[in-house]
Amino acid sequence: MNKAIGIATQARLTKMLRSVTVTFFAGAFVAACGGGAQTEDNPTSQIPGNNNNAAYAGPAARDADVLKFQQEFWSKAKTTDRCGNCHNESVGQLPMFVRNDDVNLAYDAAVTKVDVSLPAQSEIVLKVSSPPLGHNCWVADPGVCGTIMTTWIENWVGNTAGGGRQIVLVPPNSADPADSKNFPDDPASFQQLVYTPILQQYCSGCHSSESATAQQPYFADPDINAAYAAAKSKINLDSPGDSRFVIKVSPNPAISGESHNCWNNDCPTAEQEILAAITSFANGINPTVVDPALITSRAIRLTDGTLASGGNRYEDAQVALWEFQTGNGLVAFDTSGVDPAIDLNFSGDVEWFGGWGISIGAGAAQGPGKAQGSTAASKKLFDVLQESGEFSIEAWVVPANVTQEMARIVSYSAGNTARNFTLQQTLYNYDFLLRTNETSLNGDPQLSTPDADEVLQATLQHVVATYDPINGRNIYVNGALVSNADPIPGGTFIDWQDTFAVVLGNEASGDGTWEGTFRLAAVHRRALTQEQITQNFDAGVGERFYMLFDISARIGAPAESSFVLFEAQQFDSYAYLFDKPRFITLDGSAPEGISMKGLHISMNGQEVAISQSYANMDQTLSASLFEELGQPLSMLGAVIPLEKGPSDDQFFLTFDDIDGVVYNRQYPSMLTITPTDLPPASRVGVRTFDEIAATYASILELDPLIQFPDGSFPVDETFQELRQSLPAVAEVNTFLSSHQVAIAQLAIQFCDAAIGSNTNPNPDAEAVIWTSFDFDQPATTAFSVANRDNFIDPLIARAVGQTSVGPQLASQPTYATVRDELGVFQAAGGRPDNLIDRLLVGPSDTRAIAKGVCASVLGSAATLVQ
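Cut-offs and rules
Residues numbered from 1 in each chain as written. Predicted model: local features only at pLDDT ≥ 70, side-chain atom pairs only at ≥ 80, totals over all residues. Heavy atoms only, no water. Helix = DSSP H or I, 4+ residues; strand = E, 2+ residues; numbered from the N terminus. Contact = heavy atoms within 4.5 Å. Areas by Shrake-Rupley, 256 points an atom, 1.4 Å probe, with all protein chains shown as cover. Core = buried A, V, L, I, M, F, W, Y, C linked by side-chain atoms within 4.5 Å. Buried < 20%, exposed > 50% of the residue type's maximum accessible area, 1.4 Å probe, protein only. Arc of directions from axis to C-beta. Polar contact = N/O pair within 3.5 Å; in protein donor to acceptor, adjacent residues only side chain to side chain. Disulfide = S-S within 2.5 Å. Phe/Tyr/Trp six-rings, centres within 6.5 Å; stacked < 30°, edge-to-face > 60°. Lys NZ or Arg CZ within 6 Å of the ring centre and 35° of its normal. Axes fitted to C-alpha atoms, helices over the stretch in contact; angles between N-to-C directions. Parallel < 35°, antiparallel > 145°, perpendicular 65-115°, else oblique. Nonpolar A, V, L, I, M, F, W, Y, C, P; charged D, E, K, R; others polar. Pairing = 2+ DSSP bridges. pLDDT = per-residue confidence, 0-100.

Enquirer: Account for the overall build of the protein chain, naming residues and giving values.
Expert: For the protein chain, the count of helices and strands is 20 helices and 32 strands. Long-range pairs, those at least 24 residues apart, make up 68% of the contacts in the protein chain with a sequence separation of at least 6. As presented, the protein chain carries roughly 37,600 Å² of accessible surface, and 53% of it is formed by carbon and sulfur atoms.

Next up, the structure:
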C-alpha cells in the first residue's frame, strides 16, 4: 500500500484527494528497439520524414484538460530537438505522446506515463533524466531536462490556484544502520595512494585553484588539506568501484562511464589505475561498527528523502529560473521551461556552492566572476516583459560583505551606462534601476532601500524587486516591503533594447562585480503580490529534503507508518543542516503515551561527535499535541559535518529512551578548570561603539542628531554607517586596526559638526568651548605660538581631563605631553614636528586645522581606553 501525505508549504499539510482526469498506469517506456519503428536512443539529427516542427492542423482539444495538456506540455515537448523526433505518428516510436496529427491521441498516450501525485517520479521524467546522458535530453545535464519536464507536467496537471508545486511524503527506501568506513583525519594515506600518483599528476591542469583553467572541485589542489576535503565526496570507501572518480574515467556503459580526461588516451587503463588506488586507500581503513546496544531508527541517506525544494513556490508567471542544481561544469541552466532558455555561462571567479548555488568573487587570479546569458536567449525577457508591461526580479542571495558599491546582482544590460533593469547592492542598500520612458537610459534615478534601515546584511536573504505602471517600483526583503514609494511615475518599456544580456553577479562589461552567493534567481512576467512574495519566502531555497526516519518497529506500530521527520539540506560545501524534528504518521494514527528522550543524530555507523542539539529532548507522544504535520519535537536545528557526500553518507537516529526501552548512556567526566588555569584579566578596556559616540558628544557639547541646513544628519549618518566597524566589546585584546580607522572617521565627523565651516559656523561651540579662540583670523595668526593655547587648552581639559595647573591623572598622558604633540614649544625642548606646525605648511585654513587637531585628540587612546 502506498501511503502518502501532500505538503502545501513547509509548515502546513494539505489534502491531495481531489478529482483529476490524469491517471498513472504502471508501465515502462518502450526501448529504442521495441514497439514501433526502430530508432536511435539519442538521435543527433532530425529523422527523415518527421514533420513535428510543422504547425498543428489536427482536431481541436476535446476538453479543458486536453487543452491544458496542449498548452503546457505538448507544445513544448513536440519539437524535433526534443521528444518530437521519435514519439510521433511519422516515426512511430511508442508511446506517441507528442504526435502532431491529433493532440487528443497524444494526450491519451501521455497520461499513461505521468504520475499526477508525484510529477517528478513520472516515467517520462525519469527517462529523460536518466544518467549519464538522459534519454534524448536536449542540454548537457539530464537532471535539467528532468526538472524542466517536471515543470511542464506540474503546469499541466497541477492545481494552479496558488501557483505552487505540491510535495508528497512517501516512505523512503530504508535499511538497518550499517557498519561504515570513515575517512581518517590525517590525509597522509590519501596523499600517498591517490593524490600524488593520480590526481596531482593527471587532474591538476583543471581541478586546482592555481590552474589557468581552474574548475571546481579542487581535488588536485597544491594544498593537500583542500584537495582531501574536495575528494571525499568523489570516493566511496565501502564500494570503491562506485566512486565518482572511477565512473568519471570509465568507458564502461554498464556503470554509466563517462571516459573523462583519460590519461594517455587509455580509459580502460585509467579506470584500473584509479580503482586500484582508491581500493588500496579504502583497504587501509577499518570500518566503524555500529554499537549493538544503541536504540536506533532505520537508516537513510539525504537523497532518499522527499525533495522539499520549491515546495509551494508561486511560479505561474515565471519566465526564467536558475536553481543552480547541476553542481559542476561552467553553465547554470534556466529551468523555467519557457523557451528560449537563458542558460548562463560562467567566466572568471565563479564556484559551485554545495546544496544548490554559485558563489561569485572578485578573482585576483581568474578575474572577476560573472554568469552571463547570450543576447539571443536574453531577448526572451525583452519580448515577454515588453508585452506584459510589468515584472519581478526574485533572488535568494548571500552578500559577501556590506562594503560593496554599485555591485550588480541581477542585470539585463550592456555595461555601466545602458541597461533595461538592474538589481544591485550599495553598502547596506538594495537598488533597483529600471529604464522606462520616465527614466534615463541607465535606469536612473534608482529606487533604494532606506539608508537608516540597513536592510541588506551579509546573510541569506530573499529579495524581490517588482514593477508595474500603477504602483511603480517596490523592493521586498525576506517577505517584507522595505522601500518607500517610488517617486518616478509609471512608464512603459518602449525604450528597452533587445541586444542586452542577462548577467548575474556583474555587468556585461565586467566592471560591476558583486561578491556573494546565489541560491536561486528568477524573473516573473508579473509584479508579484505581497501574498505571492510571502509564499515564495516561506517555501525557502536550496536542495532541501524531508527525511523520514522509520521508528515503526520501535513503538510497535505497523510497518512504514511512524517516523521522525526532519527537514534537512546540504547547508554548504562542508555541512548538512537538520531542522525542527517532528513525529509523524502516514496512516493517520496517533500513538499515545509513548516516551521519546535523548535523540541523537548518527552518521556512517556512529553518533556524530558534535552538534547534538536534541540530546536533552524529553517528549511524550500525544494526539492532543498533533498539528497538521504531526507532533513537534524541537524547534532547534543542528549543523552536521559532511563526510562522504549526500549520496553516500548514511544517517540514522539513536534514542536514550523510546517507549520505555532505555539506553544506558555513559557521559565523559566533566573538565574541571581552576583559577590558576586562566590568564589574568586585563586591567584596562576600550569604549564600545555607543560609549565612543556618547564620549565625543559630551566633550564637544554636541547633539549627535544635529541637523545641517541641507536637511542632512551627518553625525548620526556617519555613526550608523560605522557602527559595525567600531569596537563591540570592551576587551582590549579584541581591538583591531580597522576599529582605529573607524574611530578616526567618526572623530573627524564630530569635530567637523562642532566647528562648522566659514560659511556655516557653529556658534554654540565657540560660545561654550573655545571662548577665547578666534576662528575668523587667518590660520597663521589664530595658531601663532601666542594664541595656540586658546584652542588647545579647552580641548585637552575636556577630552583628557588634564590642565596646566593642578594634579595630573596617573592613568592619562600629562598635559605637557599632549600639548607638545599638538603644537606648543616648551622651554626645555619642544618638538619641531608638532601637529599644528605641520598643518600650517602651505595653504591653510583656520577651521580645517582646528578640525584636524580636534580629531587627533578625540580619536586617541586618551578617550578610547578606560
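Text resumes after the structure shown.
Enquirer: An account of the nonpolar core is requested, with residue identities and associated values reported.
Expert: The biggest cluster of nonpolar side chains holds 51 residues, and the ones touching the most others in it are L381, F391, F421, Y430, F432 and F518. Grouped together as the second largest cluster of nonpolar side chains are 50 residues, L746, A754, A850 and L858 included.

Enquirer: Any chance you could break down helix α10 (residues 530–539) for me, citing the residues and the numbers?
Expert: Those residues of α10 not exposed but buried are Q532, I533, Q535, N536 and A539. Viewed along the axis of α10, the buried residues span an arc of 155°, placing them on a single side of the element. Close packing links the buried residues of α10 with β13 (391–399), β18 (461–468), β19 (472–477), β22 (516–524) and β23 (544–550). G540, located one to two residues past α10, shows a positive phi value of around 75°.

Enquirer: If you had to explain the side chain of N52 to someone new, which residues and values would you point to?
Expert: Relative to the elements of secondary structure, N52 occurs in the loop between β2 (13–14) and α1 (64–77). Classification of N52 as buried rests on a relative accessible area of 0%. Within the structure, N52 has its side chain in polar contact with the backbone oxygen of V98 (distance 2.8 Å). With sequence-adjacent residues up to four places away left out, N52 is seen in contact with K78, T80, G84, N88, E89, V98 and N100.

Enquirer: I'd like a description of the state of the cysteines, backed by residues and values.
Expert: All told, the structure shown has 3 disulfides when counted by the stated rule. The disulfide partner of C751 is C854, and the S-S distance across this bridge is 2.0 Å. Because the sign of the S-S torsion sets the handedness, a value of about -75° for the bond joining C751 and C854 places this disulfide among the left-handed ones. In this pair, C751 is assigned in helix α13 (residues 737–755) and C854 in helix α19 (residues 846–858), connecting sequence segments 103 residues apart. Look at C751 and you get buried, because its relative accessible area is 0%.

Enquirer: So what's going on with the packing of aromatic side chains? Which residues, and what values?
Expert: Here the structure, examined in full by the defined rule, presents 45 aromatic pairs. Ring geometry for F493 against W496: centres 4.4 Å apart, planes inclined by 20°, an arrangement best described as stacked. The residues F493 and W496 share a single accessibility class, namely buried. Through successive ring pairs, a cluster of aromatic residues spans F391, Y412, F421, F432, Y467, F493, W496 and F500. The cationic tip of K232 hangs over the ring face of Y228; the distance from NZ or CZ to the ring centre is 4.7 Å.

Enquirer: With reference to specific residues and values, describe the packing of helix α12 (residues 714–722) against α13.
Expert: At a minimum axis distance of 9 Å, the contact between α12 and α13 shows a crossing angle of 175°. On the basis of the axis angle, α12 is roughly antiparallel to α13. From α12, P714, V715, T718, F719 and L722 reach across to α13, where they touch A742, Q745, L746, Q749, F750 and A753. Residue classes in the contact of α12 with α13 are distributed as 8 nonpolar, 3 polar and no charged.

Enquirer: Lay out unusual backbone geometry in plain terms, naming residues and giving numbers.
Expert: Between L94 and the following residue, P95, the backbone shows a cis peptide bond with an omega angle of -5°. Relative to the assigned elements, P95 resides in the loop between α1 and α2 (103–110). With omega at 0°, the peptide bond leading from D444 into P445 counts as cis. Looking at the element boundaries, P445 is found in the loop between β16 (429–434) and β17 (447–448). Positive phi, normally seen in glycine, also occurs at N478, with a value near 50°. The backbone of K580 shows a phi angle near 45°, a positive value even though the residue is not glycine. Looking at the element boundaries, K580 is found in strand β25 (residues 575–585). Looking at K580, the relative accessible area reads 38%, which means it is partly exposed.

Enquirer: Just give me the short version of the sheet that holds strand β8 (residues 331–332), but keep the residues and values in it.
Expert: Reading across from one edge, β8-β9-β12-β21-β14-β15-β16-β17 is the order of the 8 strands in this open sheet, with antiparallel pairing throughout. Edge positions in the sheet fall to β8 and β17, since each has one partner strand and no second. Taken together, the 6 bridges between strand β15 (residues 418–426) and β16 define a ladder with antiparallel strand orientation. Within β16, the residue paired with T426 across the bridge is N429.

Enquirer: Tell me about the pairing of strand β7 (residues 318–322), residues and numbers included.
Expert: Among the 5 residues that make up β7, 5 are buried, leaving the element largely enclosed by the rest of the structure. In this sheet, β22 lies alongside β7 in antiparallel orientation, the contact comprising 4 bridges. When the sheet's bridge partners are listed, Q318 is paired in β22 with H524.

Enquirer: Account for the confidence of the model for the protein chain, with residues named and values stated.
Expert: Do not read the fine detail of predicted coordinates wherever pLDDT is low. Mean pLDDT over the protein chain stands at 86; residues scoring 70 or higher make up 90%. Per-element averaging of pLDDT across the protein chain places β2 at the bottom with 32 and strand β21 (residues 501–504) at the top with 98. In this model, residues 1–44 is a region of pLDDT below 50 whose contacts with residues beyond four sequence positions or in other chains number 117 contacts.

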